[in-house]
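# Chain and residue survey
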Amino acid sequence: MIPILFGITLISFAVIHMAPGKPTDLVTQLNPKVSMEAREKLNKIHGLDKPLYVQYLDWIKKIGRLDFGKSFADSRPVIDKIAERLPITLLINVLSIFIIFIVSIPVGIKSALRKGAPFDKISTVAVFIGFAIPSFWLALLLISFFGVHLGILPVSGIVSLDFEKLNLLQKIFDLSRHLILPVFVLSIGGIAGFSRYMRQSMLSVEHQDYIRTARAKGLPEKEVIYRHALKNALLPIITILGLSIPALLSGSVIVEKVFSIPGMGLLMFESVFMRDYNVIMGILIVSAFLTLLGNLLADIAYVYADPRIRYEK
Amino acid sequence: MKNKLMLTGVIIIILLILAAVFAPKIAKYDPTYINIKEALLPPSEEHLMGTDMLGRDLFSRMLFGSRIALTIGIVAVGLAAVIGVALGSIAGYFGGKIDSVIMRFADIMLCFPAFFLILAVIAVVGPSIFNIMIIIGLTSWMGMARLIRAEILTLKTRDYVLCSRVLGASNFFIITKHLIPNGIGPVLVSFVFGVAGAILMEAGLSFLGLGVQPPDPSWGNILMEGKAVLGVGWWVILFPGLAILITVLAFNLLGEGLRDALNPRIK
Amino acid sequence: METCPRSNNETCPRPTRGDAFVVGNIGDARTLIPILASDSPSSYIVALVFSGLVKYDTNVELTGDLAESWDIEDEGLAIVFHLRKNVRWHDGHPFTAEDVKFTYEKLIDPAVPTPYGGDFKMIDRLEIPDAFTVKVIYKEPFSPGLTSWHMPIMPKHLLENESFVTTKFARAPVGTGPYKFKRWKSGERIDLVANEDYFEHAPYIDRYIYRVIPDQATLFLELETEGIDLMSLEPIQFKKLTDTRFFKKRFKKFKYPFFGYTYMAYNLKDEKFKDKRVRQALNYAVNKQELIEGVLFGLGRISAGQFVPESWAYNEDVKPYPFDPEKAKTVLAECGWQDTDGDDWIDKDGKNFEFTILTNQGNDMRLKTAEIIQRRLKDIGIKVDIRVLEWAVFINEFVDKKRFEAIMMGWGLGREPDCFDIFHSSKTGPGEFNFVSYSNPELDALLVAGRRTFDKEKRKQIYHKVQKILYDDQPYMFLYVPDSLVAVHSRFENVKPSAIGIGYNFIDWWVPKAKQRYRY
């Protein structure tokens, strides 16, 4: 664990510091009244005049205290900026995982059980399209249709302008309306992928000896499928779901940009355009940490689901 | 059904390759030729897919765009495959410390959401076709490294490998002549899926304004230009979107078919 | 506020208060400390929350803001401002000359990374004889000095013990302007509320909401569904997308002059561009009208030099060169550039005429302009490459270090015509703005004279000459002045674009009760 965390910081730092040019250049857009002197002042304030390894050592010492330094753009602590953006990204991602789960598992099972039936064929085609569709393209088409043409869903943002005046129930309703399209777009790839995995997983489990044994024992088909087959088929899915967190986070950059959702993905995009190194490094580290956390949770879930595995020691 | 799907994929890919190779012959217009007077014409016989904001022929641009899409997909993932196969086979063959260092490195790289890492690097080196290919290559070799390593771990205990070793063959010879050719199957599948992923990745980067830069016509940036005319020029947004969709679909179908062919247990 | 047309005085509606005004923009603000805010979103908000000593009226003349009046003394060496009394900061604390002095001290403080220090370094000292008088003494007569006092004034009592780099004030500002800061949700929105005690009069619109919508396409869809009330339009949106009945019913489009222009700058240290006849020839070879049609959809004008037609410094006698590729070829041939080896590219001393235009990534219009120029120069045998660079790399590695042949850029200008920093031969150091290395002693003398002269007529004469010399020398290929284009929701009354833009009378905008959309 420790070497991995160390490696994460080293890669994050290395990637960013290959850059020519200094991030402070951007604060001083091309305005004839902005002097070179002002830029140098900014460089000094952010410690950019020191040698690289000193900057790295300074930086890593601070990270231990969860201090990612300050944003070049507005001088706020990076950790504050990430902390205010992270919850909404997590919310959208958790919702997406939930949606992926409840859609893809039944679809996968049904396709597997009736392999070759119309449902399997249709879902297979849908899965391939879901995999291949560019998410922002889909998002724009959906916004144009549901937001502008039909006018039944909001175009962007996460809440309405008068959100504060709503009561709790209305607030939940308002938030849900805003989240429908983004969560759908974010989950579409996952739904496609997981229905596929689920189908494969079910198919491979079905040929296992214990399923045959169960059937041979004369257990009702339902019980065979839901008690024995499903439980075993779900095992690999849990691991893969844990591993898919980076993909979901990746997707949130585009989804958050199209739908104007002020989450961590959007912060990443803004920071990339502003070359806000400290924020970019902070986000890289936080996202890598989230991935580790996801893997850990998946491991725990795996142990819980599979009685054969127990942590010893 | 399976074979039909795979066949469809192969046919689409062949057509695409032909389009890319013969783009200058097929295209009626120079893809960068500007004619303001013919801006935003809808599809017609003259302009099969209409024209864009600067009056450039969209069909010609799409044809040349297929070159960029295929180049990015194949070169980027090719680079990833070279890195992945090299590191994965070294790790698998030598084992021990070398293995754990390499695989630990792959683990660390896998912790980063790929898109975040790619964006960060682009922020640093700037977007261009070349940079994008290199960056995608450098950030997507880990899966392939794991696959080949797993294959080699089982292959290296086989008799013929042990035999070679006893006969004094060099490590390099064993790895390149015995292990990689026999263990490359899963990597090949992963390669085909990877091409699809890279094409989508470029489109996503272009959408953010960080992809291939104009005037080079990539599908991603044609689509991005189409965004600006959403509402008056549906064709500028429809065709590149469909092209990406169909191409990615074709590669995925091929990949799926290959996987099934290599793994006959699941059918 | 302005009165209604006299003819129908009876039906003239009286402004009613209420409603909110929602602006959509692709970027979030960065800091609301006025002297640090250099990006446009921050500047929008700062302009509503703070006031300067002076501002422009609709005739582009300076008028009082926090200063009631001023006197120019000692032949321009000193300005004495008489401040408004009874102005209060949004927290109730009275505004005095101390605040002006404090703002000045921060502007020239080496520890404060403000981009606006330049004009204030010309000041010798600043005195405050009493609480409502400020006397500014310059080192030498400096005519752009008065304009520079549109700089928003900051509250001393809240900032004197704060570090400008870390202060919370940056995200919760207190000013004297027509709107008070309410809250800022990063990346999402900024809310302002009407300042009941604003010294001119309380604004009619209760709330100002700034929404961040980072994608241009989404922003437009949001406008179409009335999720926002104002948006800057791209030329194509102005021309084509907003031409529907649906849109016209809900929005009014406005077009007003932009103070700035787009140009292609040459590196004058480069052998190819040293001869001004070559630069003139290139201008003849480019069809500026085509650029305006193709890039701006007709919404702009050909640029005839440093000043825009609305500026009082603009010289009507300077005419843009016509599109004349034949003449371009002839002139180039006179300078020794001809196709001697039959490869369709013109050459001299065995070298083809080829160069690269650099521009920054993220600006579509500049890129399209470069593409069209590339095409036109090909027609006269010049080979042009285009390279798009990320902004920081572009500025830092290429512009600052003068590693370029030609660059495509734009200047946004103030109303003050002083362009010493851009064209004076002393401003060619690294990071300074005469990056083309332009040097013309005659122009240098005029630029200095322009800064020392206070009489507007005399200044006019000076800047007319400046424009003529610049256009003749062509250190840039002056291309076009784009129009500013906005859509405003049609429920707002009293929206009157003028030479100084559209937002200048925002406190007089109002919405009839029946049409109000938001209640607070």
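Model, not experiment: these values are computed from the prediction.

### Focus on the overall build of chain C
Within chain C one finds 15 helices and 20 strands. The principal-axis extent of the C-alpha atoms belonging to chain C is close to 80 × 60 × 50 Å. The burial tally for chain C puts 61% of its 520 residues in the buried class. Sequence separation of at least 24 residues holds for 68% of the intrachain contacts in chain C that already meet a minimum separation of 6. For chain C, the accessible surface area stands at approximately 20,400 Å², while carbon and sulfur atoms represent 48% of it. Put simply, chain C has 72 plus and 77 minus side-chain charges, and the middle of one group is 4 Å from the middle of the other.

### As for the overall build of chain B
Within chain B, the secondary structure is distributed over 12 helices and zero strands. What you see in chain B, going N to C, is helices and strands ordered as α-α-α-α-α-α-α-α-α-α-α-α. Principal-axis analysis of the C-alpha atoms gives chain B an extent of 75 × 45 × 30 Å. For chain B, the proportion of its 267 residues judged to be buried stands at 57%. Across chain B, every contact between residues at least 6 apart in sequence was considered, and the portion connecting residues at least 24 apart equals 69%. Accessible surface computed for chain B: about 10,800 Å², of which carbon and sulfur atoms make up 71%. For chain B, the centre of its 20 positive side-chain charges and the centre of its 15 negative side-chain charges are spaced 12 Å apart.

### Some words on the domain arrangement of chain C
Residues and elements named next belong to chain C. Split into domains, chain C comes out as domain 1 (3-22 + 170-256 + 485-515), domain 2 (50-156) and domain 3 (260-482). In this assembly, 10 residues from domain 1 lie in contact with six residues from domain 3. The largest per-residue losses of area from domain 1 upon contact with domain 3 belong to Pro 235, Lys 239 and Ala 499, which jointly make up 53% of the total buried on that side. For the pair domain 1 and domain 3, the number of links is zero salt bridges. Between the two partners, domain 1 and domain 3, sit two residue pairs in polar contact (both at pLDDT 80 or more). Ranked by the residues each element gives to the side of domain 1 that touches domain 3, the list is headed by helix 6 (residues 235-241), at five residues. Class assignment of the residues belonging to the side of domain 1 that touches domain 3 gives a composition of six nonpolar, one polar and three charged.

### Points about the nonpolar core
Of all hydrophobic cores here, the largest spans 168 residues; its most connected members are A:Ile8, A:Val258, A:Phe259, A:Met264, B:Leu119 and B:Leu208. Residue contributions to this core peak at 14 residues, all from helix 3 (residues 58-94) of chain B. Excluding residues within four positions of it along the chain, B:Leu208 makes contact with A:Val253, A:Ile254, A:Lys257, A:Phe269, A:Phe273, B:Phe115 and B:Leu119. Of all hydrophobic cores here, the second largest spans 84 residues; its members include C:Tyr261, C:Tyr266, C:Ala304 and C:Leu479.

### Examining the interface of chain A and chain B
How big an interface is tends to be stated in terms of accessible area lost as the parts join. Chain A puts 48 residues into the contact, and the matching count from chain B is 45 residues. For the chain A and chain B pair, buried surface summed over both sides reaches about 4,200 Å², with 80% attributable to carbon and sulfur atoms. Ranking the residues of chain A by area buried against chain B places A:Phe128, A:Phe136 and A:Trp137 at the top, with a combined share of 16%. The interface formed by chain A and chain B includes one salt bridge. Summed over the shared surface of chain A and chain B, the result is five residue pairs in polar contact (both at pLDDT 80 or more). Mapped by element, the contributors of at least two residues to the side of chain A that touches chain B are helix 1 (2-16), helix 5 (118-132), helix 6 (135-149), helix 7 (168-206), helix 10 (245-258), helix 11 (264-274) and helix 12 (277-305) of chain A. The dominant element in the side of chain A that touches chain B, judged by the number of residues it contributes, is helix 1 of chain A, at eight residues.

### Details of a positive patch on the surface
Residues and elements named next belong to chain A. Together, Lys 61, Lys 62, Arg 65 and Lys 70 line one region of the surface with positive charge. Within the secondary structure layout, Arg 65 lies in the loop between helix 3 (52-63) and helix 4 (78-113). In this structure Arg 65 comes out as exposed when scored by relative accessible area, which is 62%.

### A look at the pairing of strand 5 (residues 78-83) of chain C
Remember that side chains alternate between the two faces of the sheet whenever the strand is regular. Residues and elements named next belong to chain C. Summarising burial for strand 5: five of the six residues are buried, a large majority. Pairing geometry for strand 4 (residues 67-73) and strand 5, over six bridges, is antiparallel. Bridging from a neighbouring strand, Glu 73 pairs with Ala 78 of strand 5. Counting the residues in the hairpin turn of strand 4 and strand 5 gives four residues, including Asp 74, whose phi is positive at 50°.

### Description of the packing of aromatic side chains
Residues and elements named next belong to chain C. Per the counting criterion, the structure on display carries 45 aromatic pairs over all chains. Plain terms: the ring middles of Phe 21 and Tyr 208 are 5.9 Å apart, the flat faces sit at 40° to each other, and that makes the pair tilted. You can see Phe 21 sitting in strand 1 (residues 20-25) and its partner Tyr 208 sitting in strand 10 (residues 207-212), a full 187 residues away along the chain. In this structure Tyr 208 comes out as buried when scored by relative accessible area, which is 7%. Seen from their ring centres, Phe 120 and Trp 149 are 5.0 Å apart, and the 90° between their planes marks the pair as edge-to-face. With Phe 120 in the loop between helix 2 (97-107) and strand 6 (123-130) and Trp 149 in the loop between helix 3 (145-148) and helix 4 (156-159), this residue pair connects regions lying 29 residues apart in the sequence. We note that Phe 120, like Trp 149, is buried. The residue whose ring lies beneath Arg 171 is Trp 184, and the NZ or CZ to ring-centre distance is 3.9 Å.

### Digging into helix 6 (residues 129-139) of chain B
Since one α-helical turn is 3.6 residues long, residues separated by three or four positions face the same way. The complete set of buried residues in helix 6 of chain B reads B:Asn131, B:Ile132, B:Met133, B:Ile135, B:Ile136, B:Gly137 and B:Thr139. In the core, the buried residues of helix 6 of chain B are packed alongside helix 3, helix 4 (96-111), helix 5 (114-125), helix 7 (142-155) and helix 10 (185-207) of chain B.

### Remarks on helix 6 of chain A
End to end, helix 6 of chain A covers 20 Å across 15 residues, agreeing with the expected 21 Å (1.5 Å per residue, within 8%). Residues of helix 6 of chain A that are buried include every one of A:Phe136, A:Trp137, A:Leu138, A:Ala139, A:Leu140, A:Leu142, A:Ile143 and A:Gly147, and no others. In this structure, the buried side of helix 6 of chain A is in contact with helix 7 and helix 10 of chain A, helix 10, helix 11 (219-228) and helix 12 (234-262) of chain B together with helix 5 (216-224) of chain C. A:Gly151 lies just past helix 6 of chain A and shows a positive phi near 65°.

### Some details on the sheet that holds strand 7 (residues 133-138) of chain C
Residue and element names in this part refer to chain C. Strand order in this open sheet of four strands is 4-5-7-6, and the pairing throughout is antiparallel. What marks the edges here is a single partner per strand, and that holds for strand 4 and strand 6. For this sheet the average axis-to-axis angle between neighbouring strands, irrespective of direction, equals 20°. Direction of pairing for strand 5 relative to strand 7: antiparallel, over a ladder of five bridges. Bridging across to strand 7, His 82 finds its partner in Thr 133. Across the sheet, helix 2 is in contact with strand 5, strand 6 and strand 7; its angle to strand 6 comes to roughly 165°.

### Focus on the pattern of salt bridges
Residues and elements named next belong to chain C. Scanning the entire structure with this criterion turns up 47 salt bridges over all chains. The salt bridge partner of Lys 272 is Glu 405, with a shortest N-O separation of 2.8 Å. Of this pair, Lys 272 sits in the loop between strand 13 (260-266) and helix 8 (276-285) while Glu 405 sits in the loop between helix 12 (391-399) and strand 19 (406-412); the two residues are 133 residues apart in sequence, bridging distant segments of the chain. The residue Asp 472 makes a salt bridge to Lys 276 at a minimum N-O spacing of 2.8 Å. Here Asp 472 is found in helix 15 (residues 456-473), whereas its partner Lys 276 is found in helix 8, with 196 residues between them in sequence. Residue classification places Asp 472 among the partly exposed positions, given a relative accessible area of 34%.

### Observations concerning the environment of C:Lys515
Residue and element names in this part refer to chain C. Here Lys 515 lies in the segment after strand 20 (476-489). The spacing of Lys 515 and Phe 435 is 80 residues in sequence and 52 Å in space, taken between C-alpha atoms. When residues no more than four places from it in sequence are discounted, the contact partners of Lys 515 are Asp 19, Arg 491 and Glu 493.

### Focus: the packing of helix 4 of chain A against helix 9 (residues 221-243) of chain A
Residue and element names in this part refer to chain A. Two elements in contact, helix 4 and helix 9, have axes whose closest approach is 12 Å; the angle formed by their N-to-C orientations is 130°. Classified by the angle between their axes, helix 4 and helix 9 sit oblique to one another. For the element pair helix 4 and helix 9, the recorded crossing hand is right-handed. Between helix 4 and helix 9, the residues in contact are Ile 97, Phe 101, Ile 105, Ile 109 and Leu 113 and Ile 225, Leu 230, Leu 234 and Leu 241, respectively.

Definitions and cut-offs
- Residues numbered from 1 in each chain as written.
- Chains lettered and ligands numbered in written order.
- Predicted model: local features only at pLDDT ≥ 70, side-chain atom pairs only at ≥ 80, totals over all residues.
- Heavy atoms only, no water.
- Helix = DSSP H or I, 4+ residues; strand = E, 2+ residues; numbered from the N terminus.
- Buried < 20%, exposed > 50% of the residue type's maximum accessible area, 1.4 Å probe, protein only.
- Contact = heavy atoms within 4.5 Å.
- Areas by Shrake-Rupley, 256 points an atom, 1.4 Å probe, with all protein chains shown as cover.
- Lys, Arg positive; Asp, Glu negative; His and termini not counted.
- Charge placed at Lys NZ, Arg CZ, Asp CG, Glu CD.
- Domains from an automatic or database assignment.
- Buried area = accessible area lost by both parts, 1.4 Å probe.
- Salt bridge = Lys/Arg side-chain N within 4 Å of Asp/Glu carboxyl O.
- Polar contact = N/O pair within 3.5 Å; in protein donor to acceptor, adjacent residues only side chain to side chain.
- Nonpolar A, V, L, I, M, F, W, Y, C, P; charged D, E, K, R; others polar.
- Core = buried A, V, L, I, M, F, W, Y, C linked by side-chain atoms within 4.5 Å.
- Patch = residues over 30% accessible without salt bridge, like charges linked within 9 Å, V, L, I, M, F, W, Y side chains within 5 Å.
- Pairing = 2+ DSSP bridges.
- Phe/Tyr/Trp six-rings, centres within 6.5 Å; stacked < 30°, edge-to-face > 60°.
- Lys NZ or Arg CZ within 6 Å of the ring centre and 35° of its normal.
- Expected span 1.5 Å × (residues − 1).
- Axes fitted to C-alpha atoms, helices over the stretch in contact; angles between N-to-C directions.
- Parallel < 35°, antiparallel > 145°, perpendicular 65-115°, else oblique.
- Left-handed = near helix turned anticlockwise from the far one by under 90°.

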